[in-house]
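Here is how the chains run, residue by residue.
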Amino acid sequence: MQYHRLSQALLAAVASLPLLANAAQPGLWDTYASLKTHTWVDLTHTYDEQVPHWKGFEDAQRKTLYTIDKDGFQVELYSHVGQWGTHVDPPVHFHKGLRSIEQLDVKEQLLPLVVLDIHAQVEKNPDYVISLADVKAWEARHGAVPEGAFVALRSDWSKRWPDQAKIQNADDKGVAHYPGWSKEALVYLYETRKITASGHETTDTDPGIATSRDDYSLESYVLGTDHYQIELLANLDQVPEAGALAVVSFPKIARGTGFPARVFAILP
């Protein structure tokens, strides 16, 4: 009888071994517990109807349909262009046949974050565009830009938010003066370093002097590689140049050509 009870106890102990082994192994919950101890930085501007936007767009609209006082719940109707506030531009935004929002894989939304800092140059010259030399200087400090990264261009232009005139920074001839990317830097990042996406603080990929003559060739290049970009980022001055993670989220819209996004960084 004692032997029988001992056998049952041994069998129960053996049966529990896989569970104990699994419990002892570090898992995603442990990773989450660790990430919670880090600093998280919101890289997204708050949505509003009159936020700075591309020159061709009108302000957004908001209409209250139901109220708590009258109906017991609050519902509002929002009307805005896809490219509103901090937003995602999927490849189809510029190129027929390339991916729309719902076709962007979720694995493209949690990425190593690289911050290329040109704010000092922009302070002296608002028309400054990042050069390949600037990218190589980053790599001299931190090593190669990691494959699959989200590369954000810090210019501190977002500190002009929410003033549309300051964001556009147009002269008396109507020519906008704000910083942007260069073709050589983008080609190196997308074709040599194989990054997943890029973003910036301005309304456009191309610098203001280019967009003033309706030249959006750099945005066309980025989206033409079948990668997405994020425009009108915020708070990049609170994120280190290397070591952080970027989380990029947006609604899964069928045939979506652009939509407001929520972007944040988890610092090392």
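Just above sits the structure.
Residues numbered from 1 in each chain as written. Predicted model: local features only at pLDDT ≥ 70, side-chain atom pairs only at ≥ 80, totals over all residues. Heavy atoms only, no water.

Draft legend 1. Here's a closer look at the overall build of the protein. A count of helical and extended segments in the protein gives 9 helices and 11 strands. Its C-alpha atoms give the protein a radius of gyration of 24 Å, more than 25% over the compact-globule value 18 Å for 268 residues. Principal-axis analysis of the C-alpha atoms places the extent of the protein at approximately 100 × 60 × 35 Å. In the protein, 75% of the contacts between residues at least 6 apart in sequence involve partners at least 24 apart. (Helix = DSSP H or I, 4+ residues; strand = E, 2+ residues; numbered from the N terminus. Rg over C-alpha atoms; globule rule 2.2 N^0.38 Å. Contact = heavy atoms within 4.5 Å.)

Draft legend 2. How the structure looks around the packing of helix α7 (residues 183-192) against helix α9 (residues 217-224). Two elements in contact, α7 and α9, have axes whose closest approach is 11 Å; the angle formed by their N-to-C orientations is 5 degrees. When the interaxial angle is binned, α7 and α9 end up roughly parallel. Where α7 abuts α9, its residues K183, L186, V187, Y190 and E191 lie against L218, Y221 and V222. Its residues placed into classes, the contact of α7 with α9 shows 6 nonpolar, no polar and 2 charged. (Axes fitted to C-alpha atoms, helices over the stretch in contact; angles between N-to-C directions. Parallel < 35°, antiparallel > 145°, perpendicular 65-115°, else oblique. Nonpolar A, V, L, I, M, F, W, Y, C, P; charged D, E, K, R; others polar.)

Draft legend 3. Local environment of the packing of aromatic side chains. Counted under the stated rule, the structure contains 6 aromatic pairs. Judged by centre distance (5.5 Å) and plane angle (10 degrees), the rings of W40 and F264 are stacked. Of the two residues, W40 is situated in strand β1 (residues 40-42) and F264 in strand β11 (residues 262-266); the sequence distance between them amounts to 224 residues. Classification of F264 as partly exposed rests on a relative accessible area of 22%. Between W54 and F57, the ring centres sit 4.9 Å apart and the planes meet at 65 degrees, which makes this aromatic pair edge-to-face. Linked through ring pairs, W54, F57 and Y216 together constitute an aromatic cluster. Of note, R160 hangs over the ring of W157, and the distance from its end group to the ring centre comes to 3.7 Å. (Phe/Tyr/Trp six-rings, centres within 6.5 Å; stacked < 30°, edge-to-face > 60°. Buried < 20%, exposed > 50% of the residue type's maximum accessible area, 1.4 Å probe, protein only. Lys NZ or Arg CZ within 6 Å of the ring centre and 35° of its normal.)

Draft legend 4. View of α9. Within α9, burial applies to L218, E219, Y221, V222 and L223. Where the residues of α9 are buried, they touch β4 (87-89), α7, β7 (197-200) and β8 (228-231). Looking one or two residues past α9, D226 carries a phi angle of roughly 65 degrees, positive in sign.

Draft legend 5. Region of interest: the sheet that holds β11. The mixed open sheet is built from 9 strands, whose spatial order is β1-β11-β9-β5-β6-β7-β8-β4-β10. The outermost strands of the open sheet, each flanked by one partner alone, are β1 and β10 (259-260). Bridging between β1 and β11 involves 3 bridges; their strand directions are antiparallel. Paired with W40 across the two strands is I266, which belongs to β11. (Pairing = 2+ DSSP bridges.)

Draft legend 6. Structural detail: the pairing of β8. Here β8 shows two buried faces, one formed by Y228 and I230 and the other by Q229 and E231. With 3 bridges joining them, β7 and β8 adopt parallel strand pairing. Directly across from G199, in β8, lies its bridge partner I230.

Draft legend 7. Examining unusual backbone geometry more closely. For the bond running from W161 to P162, omega is 5 degrees, close enough to zero to count as cis. As for its placement among the helices and strands, P162 is situated in the loop between β6 (150-154) and α6 (164-168). Positive phi values are uncommon outside glycine, yet D156 reaches one of about 65 degrees. Mapping D156 onto the fold places it in the loop between β6 and α6. Notably, L232 is not glycine yet its phi reads approximately 60 degrees, a positive angle. For L232, a relative accessible area of 2% puts it in the buried group.

Draft legend 8. Fine view of the nonpolar core. Residues L116, I130, V145, V151, W181 and L189 are the most contacted members of the largest nonpolar core, which totals 27 residues. Counting residues per element, the ones that place at least two in this core are β5 (110-117), α5 (132-142), β6, α7 and α9. Here the element with the most residues in this core is α7; it accounts for 5 residues. Not counting chain neighbours up to four residues away, the residues in contact with V151 comprise V114, L116, V145, W181, L189, I195, A197, S198 and G199. (Core = buried A, V, L, I, M, F, W, Y, C linked by side-chain atoms within 4.5 Å.)

Draft legend 9. Main features of the packing of α5 against α7. Packing of α5 against α7 brings their axes to within 7 Å, and their N-to-C directions diverge by 45 degrees. Here α5 lies oblique to α7, going by the angle between them. In this structure, α5 uses L132, V135, K136 and E139 to contact α7, whose residues at the interface are E184, A185, Y188 and L189. Taken together, the residues of the contact of α5 with α7 break down into 5 nonpolar, no polar and 3 charged.

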